[in-house]
Amino acid sequence: MRIFATLFVTLLAVPAFAACDAGRTVFMSCSFQNGGKTVEVCASKSTASYRFGPRGGQAELALSVPVSDVDYAPWPGVGSSIFEAVTFYNNTVAYEVYAGVDRNPSASGKQNVPFGGINIFENGAQIATLECDDGSVAFPWTDVLSR
């Protein structure tokens, strides 16, 4: 199944703002508000990081935690989309970052176009959803978070 990963890495260009620290791999990155804000999720086999804020500016929220402290939902292998999610926790708030690629052009009119966003929960209740700007999603679909 990871043959698809090589194909998608080849097909998907990673935007310039998707720069992880040395030794880390991009899980997903994108922009919001017409490029005004970005999210970057990077990981190694031991740590995962979440950065949200203005492009090139000081992060509004930056979290770096052991991989064991995030919830990772890998693609289950079925459906018209390849999608994954990782959830970071900050006290009573959870940030579920998701990304995927629609493989079925009849469903969306577009094929192999990445999508993504953030679902934000407080005390288990969803309080916000942010959808990535069209064309800004980098989702290389790596196995860096697999345990």
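Please read these numbers as outputs of a predicted model, since none were measured by experiment.

Scanning the protein chain from terminus to terminus reveals two helices and nine strands. Going from the N terminus to the C terminus, the protein chain shows its helices and strands as α-β-β-β-β-β-β-β-α-β-β. Residue burial in the protein chain is summarised as follows: out of 147 residues, 46% are buried. Within the protein chain, contacts between residues at least 6 apart in sequence are counted, and of these 42% link residues at least 24 apart.

Relative to the elements of secondary structure, Gly124 occurs in the loop between strand 8 (113-122) and strand 9 (125-131). Since its relative accessible area comes to 68%, Gly124 is described here as exposed.

Looking now at the state of the cysteines. What the rule picks out here adds up to two disulfides. Between the sulfur atoms of Cys20 and its disulfide partner Cys42 the distance amounts to 2.0 Å. The S-S bond linking Cys20 to Cys42 shows a torsion near -80 degrees; that makes this disulfide left-handed. With Cys20 in the loop between helix 1 (2-11) and strand 1 (25-32) and Cys42 in strand 2 (residues 37-43), the pair connects residues that are 22 residues apart, well separated along the chain. A sulfur-sulfur separation of 2.0 Å characterises the disulfide bridge that pairs Cys30 with Cys132. Because the torsion about its S-S bond is -65 degrees, the bridge between Cys30 and Cys132 counts as left-handed. Highlighted residues: Cys30 in strand 1 and Cys132 in the segment after strand 9, separated in sequence by 102 residues. Within the protein chain, bonded cysteines paired by disulfides and numbered along the sequence follow the pattern 1-3, 2-4.

Strand order in this open sheet of five strands is 5-6-7-8-9, and the pairing throughout is antiparallel. Every other strand in the sheet has two partners, leaving strand 5 (71-73) and strand 9 as the edge strands with one partner each. Ignoring strand direction, the axes of neighbouring strands in this sheet form an average angle of 15 degrees. Pairing between strand 8 and strand 9: six bridges, direction antiparallel. Residue pairing in the sheet places Phe121 in a bridge with Gln126 of strand 9.

Residue position: Lys37 is located in strand 2. Among the polar contacts made by the side chain of Lys37, one reaches the side chain of Glu60 at a distance of 2.2 Å. Those residues in contact with Lys37 that sit more than four places away from it in its chain are Cys30, Ser31, Phe32, Phe52, Gly53, Pro54, Arg55 and Glu60.

Right, let's talk about the confidence of the model for the protein chain for a bit. Residues with a pLDDT of 70 or more make up 82% of the protein chain, whose mean pLDDT is 84. Per-residue pLDDT, averaged within each element of the protein chain, yields its smallest value for helix 1 (35) and its largest for strand 9 (97). Counting interchain partners and residues more than four positions distant, the pLDDT-below-50 stretch residues 1-18 has 35 contacts.

Next up on the list: the sheet that holds strand 2. Sheet architecture is open: four strands sit in the order 1-2-3-4, paired in antiparallel fashion. A strand with exactly one partner marks an edge of an open sheet, and here the two such strands are strand 1 and strand 4 (61-66). Strand after strand, the sheet turns through a mean of 5 degrees between neighbouring axes, direction not considered. Sheet topology places strand 1 next to strand 2; seven bridges connect them, and they run antiparallel. Counterpart to Val26 in the pairing with strand 2 is Cys42.

Cut-off values and rules
Residues numbered from 1 in each chain as written. Predicted model: local features only at pLDDT ≥ 70, side-chain atom pairs only at ≥ 80, totals over all residues. Heavy atoms only, no water. Helix = DSSP H or I, 4+ residues; strand = E, 2+ residues; numbered from the N terminus. Buried < 20%, exposed > 50% of the residue type's maximum accessible area, 1.4 Å probe, protein only. Contact = heavy atoms within 4.5 Å. Disulfide = S-S within 2.5 Å. Pairing = 2+ DSSP bridges. Axes fitted to C-alpha atoms, helices over the stretch in contact; angles between N-to-C directions. Polar contact = N/O pair within 3.5 Å; in protein donor to acceptor, adjacent residues only side chain to side chain. pLDDT = per-residue confidence, 0-100.

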